[in-house]
Amino acid sequence: MKRISLMGCPNVGKSVVFSRLTGVNVISSNYPGTTVDFTKGNTCIRGEKFELIDVPGTYSLEPTSKAEEVAQSMLQEADVVINVADATHLERNLYLTLEILGSKKPTIVALNLWDESKHIGVDIDVAKLEKLLGVAIVPTCAISGEGIKELASELCVARVSKTIEPMSEDERWAKVGEIIGKVQVVHHRHHTIRERIADITVKPITGIPIAIIVILLMFISIIGIGNWIIEHLMDPLFYNYYGPWIIDVVNSFAPEGLLHDILIGQSTGESLDFTQSFGLLTTGLYVPFAMVLPFVITFYFMLSLLEDTGYLPRLAVLVDTGLHKLGLHGSAIVPTILGFGCNVPGALATRVMETKKQQFIAATLMAIAVPCMAQSAMIFGILGREGLKWVLIVYATLFVLYVFIGLLLKKLVKGESPELLLEVPPYRKPDSRTLLKKTWTKVYGFLAEAVPFVLLGVLIVNLLYISGLIDILSAVFSPILTTLFGLPEGAIVALIMGFLRKDIAIGILLPLGMTPQQLTISCVILCTYFPCVATFVVLIRELGVMAMLKATGLMIVVTVAVGVVLNLILNVL
Amino acid sequence: MSDINQDREVVPLTTLLPGERAKIVALGHGAGRQRHFRTMGLMEGKIVEIVATQPARGPVVLNIEGTQIAIGRGMARRILIQKI
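Procedures and definitions
Residues numbered from 1 in each chain as written. Chains lettered and ligands numbered in written order. Predicted model: local features only at pLDDT ≥ 70, side-chain atom pairs only at ≥ 80, totals over all residues. Heavy atoms only, no water. Core = buried A, V, L, I, M, F, W, Y, C linked by side-chain atoms within 4.5 Å. Buried < 20%, exposed > 50% of the residue type's maximum accessible area, 1.4 Å probe, protein only. Helix = DSSP H or I, 4+ residues; strand = E, 2+ residues; numbered from the N terminus. Contact = heavy atoms within 4.5 Å. Patch = residues over 30% accessible without salt bridge, like charges linked within 9 Å, V, L, I, M, F, W, Y side chains within 5 Å. Areas by Shrake-Rupley, 256 points an atom, 1.4 Å probe, with all protein chains shown as cover. Salt bridge = Lys/Arg side-chain N within 4 Å of Asp/Glu carboxyl O. Buried area = accessible area lost by both parts, 1.4 Å probe. Polar contact = N/O pair within 3.5 Å; in protein donor to acceptor, adjacent residues only side chain to side chain. Nonpolar A, V, L, I, M, F, W, Y, C, P; charged D, E, K, R; others polar. Pairing = 2+ DSSP bridges.

Caption draft 1: Geometry of the nonpolar core. Formed by 130 residues in total, the largest nonpolar core has its most connected members in Val292(A) and Leu328(A). In terms of residues, this core owes the most to one element, helix 11 (residues 283–309) of chain A, which gives 14 residues. Those residues in contact with Leu328(A) that sit more than four places away from it in its chain are Leu323(A), Met353(A), Gln358(A), Ile361(A), Ala362(A), Leu365(A) and Tyr402(A). Residues Ile45(A), Val81(A), Ile24(B) and Ile79(B) belong to the second largest nonpolar core, which totals 58 residues.

Caption draft 2: The arrangement of a nonpolar patch on the surface in detail. Residues and elements named next belong to chain A. Together, Leu-469, Ile-472, Val-476, Phe-477, Ile-480, Leu-484, Ile-556 and Val-560 line one region of the surface with nonpolar side chains, adding up to about 670 Å² of accessible area. Those elements that place two or more of their residues in the nonpolar patch are helix 19 (469–485) and helix 24 (545–572). Top element by residues in the nonpolar patch is helix 19. It accounts for six residues. Summarising the element assignment, Leu-484 is placed in helix 19.

Caption draft 3: Broad picture of the interface of chain B and chain A. On the chain A side, the residues contacting the 30 residues of chain B number 25 residues. Taking both sides of the interface into account, the surface hidden between chain B and chain A amounts to around 2,600 Å²; carbon and sulfur atoms contribute 59%. If you sort the residues of chain B by the area they bury against chain A, Arg35(B), Thr39(B) and Gln68(B) come out on top, with a joint share of 25%. There are three salt bridges connecting chain B and chain A. Notably, a salt bridge pairs Lys46(B) with Glu91(A), separated by 2.4 Å at the nearest N-O pair. Counting across the interface, chain B meets chain A through 13 residue pairs in polar contact (both at pLDDT 80 or more). Counting only elements with at least two residues in the side of chain B that touches chain A, the list comes to helix 1 (31–39), strand 3 (47–53), strand 5 (67–71) and helix 2 (73–77) of chain B. Considering only residue class, the side of chain B that touches chain A consists of 14 nonpolar, 11 polar and five charged. As paired elements, strand 10 (residues 421–424) of chain A and strand 5 of chain B share four bridges and run antiparallel to each other. Of the residues in strand 5 of chain B, the one forming a bridge with Leu422(A) is Ala70(B).

Caption draft 4: Here's a closer look at the pattern of salt bridges. Residue and element names in this part refer to chain A. Counted under the stated rule, the structure contains 23 salt bridges over all chains. Of the charged contacts in the structure, one is a salt bridge between Glu-178 and Lys-175, with a shortest N-O distance of 3.9 Å. Here Glu-178 pairs with Lys-175, and both are found in helix 7 (residues 169–183), just three residues apart, close to one helical turn. Classification of Glu-178 as partly exposed rests on a relative accessible area of 37%.

This is the structure:
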């Protein structure tokens, strides 16, 4: 199968071209030996099958960062290259184009955002550009799908440029200037409405209130829509249909005993409680599908919306000043927001930070103080029953920890904290296909990761209780848990499960019959004491073993401190 | 690449006020960062405007012929311009 690499600068609409060219089966994976992720899909053109790779966006191929190294080697492995260039900013896109053409791979250039370039008064002589570059050039507008067919049909006849040779950096810039002078005319342009909105959202006086509203709206809609799905879809499904059916099925071959308990839990009564029974086929499925999934779907949809409209870079600019005080800069908002979905992609995204110091701070803060959506869903679901006040205490505590530890780490960690340098792309209308595909890819990733681990977690909990091991563990750890944190000794099971999955760990708290105070303390320390094992593995790869040991030490200290302090405050209040 | 006008003062980018226009005359950083600047559209000879300045020594947002770039105040100080 021939391999096509889709290459281009960031923010040129590359992923929209990608989703136009590929079918449903798109997978996201890591490039071997690195943590740089890319998306891969298949496409069929004129009966020939191609593998299409969406190479991470880079401005050049000089290997100064991991992403550029990966882009460079993906170029070497490609049979055909589609270079997606932004017609509205041809000049700076041409640098990468010249690098790609210099590699002597068969190439086609997709001149994307073509309609927009017309709109803002940029005239490009495509025929002349084609002659100068020596390869086919197809004007496209990926959002509307215009030009995609032509792009596909040109693929089979892609050729190596005979006019562009490998050259030095200075020669390349000179060449860019020369080509632009020959093919591009820019007419007078006036401010569009979209540009005015763009300016309003990045100016501090208007931008900061807008940012607060955007984040609040996102938060409210995630909770609102998530709860709606649970109430009207998942709960009726589980309680009215699935529950009675699975009890019948399991009772038909295992009316009692060990197998029965492991499969559907010990509550054999008429009414099945999906949160308390702790069977593999009851709680084990109810937690990921009914309690967490609805929030995960809405979260990833909202996140994709923020990404695809181009709002995230503006948020990064607005929070930059604050994050700088914590030794980070504005770009750290991306791993933080991703971390609210799942800490694993959040940990991967910390590599957007330029220095080791910034990456360490960003990763440590996320691991300690950013609860993933699975965890948040369970906090809403279980602590929320006691009142909104307790949920707010959990998040306020985590926020204070984020700021306080950040201030501390900025002072303690050696190294540099460079400043922000970020392109702020124009607002774009998101493409619904790309949006849905993106959401689905991430939700699928969640299910593939969460379901097996939750099931394993439920199984381990059952085995701990059945074997009696739980009594030994409780006896050993109860002095710490009871005297320091004021928690019942059974909470140790939650802490053990928290290594594996946070959602199931919080789920375990429910049958323990805790007070709201105890639940609140448990939710906080379950967040801070250790990230889940999947995140931990990624963090070791990203930060190294030594740095991770330090981070782990910090987690333990923070957990003990915050547990003790919360216990004092909440039980005095 | 840069065409310096002898009559006008060369000043740091941070002295530019919102609404003013200037020509970039020098990038003033190491080779690697200069390349990064240029591939983002920030290069000598281009006309630059300030879109927004974040408070408390925060970053500035530049508009360079239609491309917006957010850049830290310290980094911006080393870029030299001539007002027009």
